[in-house]
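If you want the building blocks of each chain, they are given just below.
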Amino acid sequence: MSRVSSLAYAALLIIASCSLAGAEESTTGAEDKIDPVLAEMMRQGEEKEIAVIVMLSPGEDNDFAGLAETAGLSVKYRYGLIPGLAGQARGQSISELARDDRVAGIYFDRSTSLLQSGETEEAGPDEDETADGEASTGPENSSSPDGAFASDFPEEFSPEEYISPARLIGADRLWEKGIDGRGVKVAVIDSGIDKNHPDLVGKVVAEKNFLSDEITADDLLGHGTMVAGIIAGTGAASAGEYRGIAPGADLISVKVIDGQGDGKVSDIIAGIEWAVYSGADVLSLSLGGINLGETNPPITMAADNAAAAGVVVCVAAGNRNNSDTRGTAAKSLAGPSSSSPSGNSRDEEIGYMESLARQMGGRGAEVEGGDGPVRAQQLAGSDQQDVLLLLVPVVVALPPGLIDSPGDGVRVITVGAADSKGRMAGFSGSGPTRDDRIKPDVVAPGVDVISTVPSGLKRPVYVDDYYARESGTSLSTPVVAGLAALLLQAEDNLTSAGVKAAMTRGAEKLENSQGEAYEEYYQGAGMIDALASYELLESSS
């Protein structure tokens, strides 16, 4: 063989080797785009269509229609708030999508559960005593028997001694100044709202149902109505005793959770986007159990981008903390069935929690579904702000970083829970986040909260025909959403970032019975204080 022939042969070998290496690298890259639970479903060779959320690469003028048609994806939503779309596809189509350079990640569209902390959680003794009656010497943030947390349901509950969240945070002091949330729209992204409840008549100015299996926008669960009452209930059925934080605010009902307490991530993202498009000033999201092991899955991005678009997004921290990583069983308005996801195994849930998300930015695009296409707001240059709904402990042991998504968002206001005595609730979700940020941002009353519910439901703990009591960060979140409405009315030009700053700077640090402050990873800036936050705004104007 001549020298020229040898060189040509060697060149061909090098080219072939590079091609094989490139193909192997391309295959590996494609596999990395698929989250673990979805990959496992595909490995099992399931031929049925799988619900997925496809995240697109940032900075490209992606052809949504062309991408979906080429890969055989049946599209349910085309999002504008995040660069992505949701739909159904078979395993082979998902593999083809993953090989497309326009695709950044593909996630299983998992079910979420509306859960709350309840009587089934093991209640600790009084903070001043251990089980043996001796003074506690344990860590201030321990949830063990010698811990310094409040139980979520005290054994003795007296409605006569009840102090409403509005009084606990000083919202009534702002009412005296004529500040009650008038002119502010708060979106409740939950199970719907009972518009006929005496406290909520005339409060709901817009509503939309994102569920395909329930034709009504009414609240068949009760939780959305409870959240709505905490935010803007008038107290008409209780002579004002159970009045909400911002009784003058308007409500937008976004139904993404069904009568069993279940919902889909894709519907929640669509609901967040619709609320932003519909002019919501504040979002209240008490959803939980969505923890992928990273800081920016699709739903977290949606919440953060809503905040960037100028909406105050208030999100529950969840009901799991790193003082007890065993997780906690929970009683819920959703009932026992909601403690496990609909149609998917717990192994799939864990796999989904462990998948890695990719950091991406949102861009305006067309959204399909529901009443037809809408146009989302452009996100560039917008102010920062925060969102979400029904949270409780997920019975899965996870390492520190137990703030549920989207509560792990950067721009959102993440909310923990405390009792009426200023003790941290034992169930309140704690940080740090996976990337070592402090969460929650603030805490609010979330133990034995009494609020509005539809009459005749089986699951709520009724105190009379119109009200029930529950505990959870899903109940403390609307307290913060209500305060956001008050502050937005008080200061016309206040940005979402300004709302968050006023809340955190005006908050008061909580201490246990030994006078020791709880760690920041449990309480953030502390308990919100309506009057202090308002006075900060007044002094800076």
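Scroll up to find the structure this text is about.
I will try to describe carefully the structure that is included in this document. (Residues numbered from 1 in each chain as written. Predicted model: local features only at pLDDT ≥ 70, side-chain atom pairs only at ≥ 80, totals over all residues. Heavy atoms only, no water.)

## A word on the pattern of salt bridges
- Counted according to the given criterion, the structure contains 12 salt bridges.
- Here Lys 195 and Asp 218 are joined by a salt bridge, their closest N and O atoms 3.5 Å apart. One end of the pair, Lys 195, is in the loop between strand 6 (185-190) and strand 7 (204-209); the other, Asp 218, is in the loop between strand 7 and helix 7 (223-232), with 23 residues separating them in the sequence.
- Taken together, the shared-partner salt bridges in this structure form one network comprising Lys 195, Glu 207 and Asp 218. (Salt bridge = Lys/Arg side-chain N within 4 Å of Asp/Glu carboxyl O. Helix = DSSP H or I, 4+ residues; strand = E, 2+ residues; numbered from the N terminus.)

## Thoughts on the pairing of strand 3 (residues 84-89)
- Across the 6 residues that make up strand 3, a large majority, 5, are buried.
- Two strands pair when backbone bridges link them, and strand 1 (residues 50-56) and strand 3 are joined in this way by 6 bridges, in the antiparallel orientation. Pairing of Ala 51 across the sheet is with Gln 88, part of strand 3.
- As defined by bridge partners, strand 2 (residues 74-78) adjoins strand 3 across 4 bridges and the pair is classed as antiparallel. (Buried < 20%, exposed > 50% of the residue type's maximum accessible area, 1.4 Å probe, protein only. Pairing = 2+ DSSP bridges.)

## A few points about the packing of aromatic side chains
- If you walk through the whole model with that rule in mind, you get 5 aromatic pairs.
- Plain terms: the ring middles of Tyr 77 and Tyr 79 are 5.8 Å apart, the flat faces sit at 25° to each other, and that makes the pair stacked.
- Plain terms: the ring middles of Tyr 162 and Tyr 242 are 5.7 Å apart, the flat faces sit at 75° to each other, and that makes the pair edge-to-face. With Tyr 162 in the loop between strand 5 (111-113) and helix 5 (165-168) and Tyr 242 in the loop between helix 7 and strand 8 (250-255), this pair connects stretches of sequence that are 80 residues apart.
- Take Tyr 242: its relative accessible area is 9%, and that puts it in the buried class. (Phe/Tyr/Trp six-rings, centres within 6.5 Å; stacked < 30°, edge-to-face > 60°.)

## Re unusual backbone geometry
- Residue Pro 432 is reached from Gly 431 by a cis peptide bond, and omega for that bond is 0°.
- Looking at the secondary structure, you find Pro 432 in the loop between strand 14 (413-418) and strand 15 (442-445).
- Residue Pro 440 is bonded to the preceding Lys 439 through a cis peptide linkage, with omega at 0°.
- In this fold, Pro 440 is placed in the loop between strand 14 and strand 15.
- Positive phi values are uncommon outside glycine, yet Asp 448 reaches one of about 55°.
- Residue position: Asp 448 is located in the loop between strand 15 and strand 16 (449-452).
- Here Asp 448 falls in the buried class, since its relative accessible area comes to 5%.

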